[in-house]
Amino acid sequence: MSVPAATRKRIDSLRDQIRHHNYQYHVLDEPDVPDAEYDRLVRDLQKLETEHPQLITPDSPTQRVGAEPIKAFGTVEHQIPMLSLDNAFSEDELRDFHRRVTDRLDIDINAKLRYAAEPKLDGAAVSLRYEGGELVKGATRGDGTTGEDITHNVRTITAVPLKLLGKGFPDTLEVRGEVFMPRAGFKAFNEQALKNDEKTFVNPRNAAAGSLRQLDPRLTAARPLDIYIYSVGQVIGGELPACHSEILQQLQEWGLKVCPEIKVVTGIDGCMAYYQDIGSRRDALAYDIDGVVYKVDRLDYQRELGFVSRAPRWAIAHKFPAEEELTLVRDIEFQVGRTGAITPVARLEPVFVGGVTVSNATLHNMDELHRKDVRVGDTVIVRRAGDVIPEVVKVVPGKRPAKTKIIKAPTKCPVCGSAVARAEDEAVTRCTGGLFCSAQRSEALKHFVSRRALDVDGLGAKLIEQLVAMDRIKTPADLFGLKKDELVEMERMGEKSAENLLASIETSKNTTLSRFLYALGIREVGEATASSLAVHYGKLKGIMEADEEALQQVDDVGPVVASRIQTFFAEKHNQEVIRRLIDSGLTWAETEPRHAPADGLLSGKTFVLTGTLSKMTRDEAKDKIQAAGGKVTGSVSKKTDFVVYGDNAGSKLTKAQNLNITTLNEVELEKILTDQ
Ligand code: IVH
């Protein structure tokens, strides 16, 4: 059956348009049409292809996912070996590398030698072969000489073009790059896998490598994989530019995705500045990296330098301190938090990881502990990335000593012996002892005096624990009865520090309703909610008397929070503590209830702060935002309007970027605080 020329033309045009939009979206990260328009084009093409199946070609954008799993992986001989890189673990080692390079090239060590500096991506290396502009082969690195044929799987990665764009590309163009799973996708994937009781991945690198080694491409297609191309392999019938950086630029113009962080730098100083810069932004990147790679930019120099065994002399990987290390579990203990949550914690043989020495790592909750089956004596992988608390990633099974015991969930609170309970919809087990439990009491007190609550200076954790252990302090109200002569008796307390502490306790009596509410430590009532309650009601009495329905009128307060607040104030014991606190002289200015939203510059806007700010502390930024009517919360969600970031910003910034939330640096924040 013949197909009208107009239909063929329409099909070609649809494919070109879809390829162009794919490029804008996946490679350049600059979509130029709304999703709905893109979906329409794909549907139109699918419809025409269904009507005229003889016109389907393998490079059609509809043909990413093959219908059938393959039986086994074929092998691919790499025409040019896929090499590895030498590592430098310090600036000195980097300087040695630079000296070797300049010596061999016989140029001055201080000459302005240009290096292409790139993030060292933590994924799986692949080779992609294009013939006549069409993707014909995808392969793993394997042993460098022979890899596995994973064409069916790389085709499913939307950032891999099935056909090159533009013109002038060589007849055969083999490119190499790293397939990786961005952190957000990794997290979502693991969360889903946990829900479905399926295997989770230890880290994004394993997730990427594992996803590429699927026999069924439909499984790979469901994984959120991405790619950055970082070099070329075999080139036949065509010319490429004379510098590595220009080649990458050219590859991008042909539709291949290149990391936007790549930069040309000069000399060791340029390399070090790049290393520091990427290092400081590492946690904010959307993907894992484990260092940076410097490559001599000029290809004639690269040729002159050549290779030694399996690595080029013209490139080096400058590694960041490892974020994962092996260590031994000495003990597993259970900690009781302010709200009674019982958290298993691994006590570890101290190990240097992520730039600090770690001797404790959280195991989150009993489910996690049992899923990972961590036991005393085990060798484990510990991970500490950025500012997150160190965690045990997994046990190394081969290293388990004989006669270890499965850790049992505590049936009683390890601190006070009260019964433990677990709510049906929660992963945490809690001690039911409330303020009878000295751990909960200590934690409640630490919270009560903390900087954003009553802000009592000089009352550290150790002192609180002592006072609680002696039963001298049972509730926050007891704090205001402390006398100098009993304080000087305490460990490491002199006359002067006792006086300072008492003065600080005295000062803290002058507070605000919002701080006071936060200090009470009602579950689910963080600073933002405390502040909303204070603004809405103006007076403590109003809040204490409000029923759940009324409480839900307050910004941010849903049924769960409303019930927590109501239950807290209905409790006789809590009413008594509050009465005693007020009798001790605790005061704040009460205002008239304001049931309408505040009308500051930023009212109705929700902010999240992350990283270290340089001109003000995070607390100062928070105060300024709140003073302008804005709200500051701790975690990024779809409801967040702005994320303010400083140096070493963490995963919150990444999340904001993924959710397309406006991000502000300090200068921009100051601008909207004054300009709006
Ligand atoms: S270049 C001859 N560039 O690191 C040059 N490799 O240890 C070979 N890698 O197998 C590779 N990011 O998987 C290069 N920007 C980058 C890289 C990179 C990650 C991986 C790659 C390679 C391994 C070498």
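Everything here concerns the structure above.
Residues numbered from 1 in each chain as written. Predicted model: local features only at pLDDT ≥ 70, side-chain atom pairs only at ≥ 80, totals over all residues. Heavy atoms only, no water.

Undergrad: For this particular structure, what's the right way to read the overall build of the protein?
TA: Each helix and strand counted, the protein has 24 helices and 24 strands in total. Referenced to the eigenvectors of the C-alpha coordinate spread, the extents of the protein come out at roughly 90 × 60 × 55 Å. Looking at the protein as a whole, 47% of its 676 residues qualify as buried. Within the protein, contacts between residues separated by at least 24 positions form 68% of all contacts whose residues are at least 6 apart in sequence. When the accessible area of the protein is evaluated, it comes to approximately 33,400 Å², of which 50% is carbon and sulfur surface. (Helix = DSSP H or I, 4+ residues; strand = E, 2+ residues; numbered from the N terminus. Buried < 20%, exposed > 50% of the residue type's maximum accessible area, 1.4 Å probe, protein only. Contact = heavy atoms within 4.5 Å. Areas by Shrake-Rupley, 256 points an atom, 1.4 Å probe, with all protein chains shown as cover.)

Undergrad: What exactly am I supposed to notice about the site of the ligand here?
TA: Glu118, Leu121, Glu178, Tyr230 and Lys295 are the nearest of the 15 residues found near the ligand. Glu118 is positioned such that a nitrogen or oxygen atom in its side chain is 2.7 Å from a nitrogen atom of the ligand. In the model, an oxygen atom of the ligand is placed 3.2 Å from a nitrogen or oxygen of the Lys120 side chain. In isolation the ligand offers 520 Å² of accessible surface; the protein chains occlude 88% of this area. (Near = heavy atom within 4 Å. Polar contact = N/O pair within 3.5 Å; in protein donor to acceptor, adjacent residues only side chain to side chain.)

Undergrad: In this structure, what is going on with helix α9 (residues 267-281)? I would like to understand it.
TA: It helps to recall that an α-helix has 3.6 residues per turn; residues three or four apart then point in one direction. Between its first and last C-alpha, α9 extends 22 Å over 15 residues, near the 21 Å set by a 1.5 Å rise per residue. Within α9 the residues assigned to the buried category are Gly267, Ile268, Gly270, Cys271, Met272, Tyr274, Tyr275 and Ile278. Buried residues in α9 make contact with α3 (91-105), β3 (114-121), β9 (263-266), β10 (289-296) and β13 (315-319). (Expected span 1.5 Å × (residues − 1).)

Undergrad: I'm lost on the sheet that holds strand β7 (residues 172-180) in this one. Help?
TA: Two orientations exist for strands paired in a sheet by backbone hydrogen bonds: parallel and antiparallel. The strand order across the open sheet built from four strands is β5-β4-β7-β8, with neighbouring strands paired in antiparallel fashion. Edge strands, defined here as strands with exactly one partner in the open sheet, are β5 (134-140) and β8 (226-236). The mean inter-strand angle of the sheet, taken between neighbouring strand axes irrespective of direction, is 25 degrees. When β7 meets β8, the two strands line up antiparallel, connected through eight bridges. Residue pairing across strands places Val179 opposite Ile227, the latter belonging to β8. (Pairing = 2+ DSSP bridges. Axes fitted to C-alpha atoms, helices over the stretch in contact; angles between N-to-C directions.)

Undergrad: Just checking my understanding: could you explain the nonpolar core for this structure?
TA: Most often, soluble globular proteins have nonpolar side chains that are buried together. Ranked by internal contacts, the top residues of the largest apolar core, which has 50 residues, are Leu459, Leu479, Leu517, Leu533, Ile565 and Phe569. Of all the secondary-structure elements, those providing two or more residues to this core are α12 (438-449), α13 (461-469), α15 (495-508), α16 (513-519), α17 (527-537), α18 (540-545), α20 (559-570) and α21 (572-583). Here Leu517 is in contact with Ile522, Ala530, Leu533, Ala534, Leu540, Ile543 and Phe569, once residues within four sequence places are set aside. In this structure, Ala159, Val160, Phe186 and Val258 belong to the second largest nonpolar core, which totals 33 residues. (Core = buried A, V, L, I, M, F, W, Y, C linked by side-chain atoms within 4.5 Å.)

Undergrad: How should I be thinking about the packing of α20 against α21 in this particular structure?
TA: The relative placement of two packed helices is expressed as an angle between their axes plus a distance between the axes. Two elements in contact, α20 and α21, have axes separated by 5 Å at closest approach and are oriented at 75 degrees. In terms of orientation, α20 lies roughly perpendicular with respect to α21. Facing α20, whose interface residues are Phe568, Phe569 and Ala570, α21 presents Lys572, Asn574, Gln575 and Ile578. Considering only residue class, the contact of α20 with α21 consists of four nonpolar, two polar and one charged. (Parallel < 35°, antiparallel > 145°, perpendicular 65-115°, else oblique. Nonpolar A, V, L, I, M, F, W, Y, C, P; charged D, E, K, R; others polar.)

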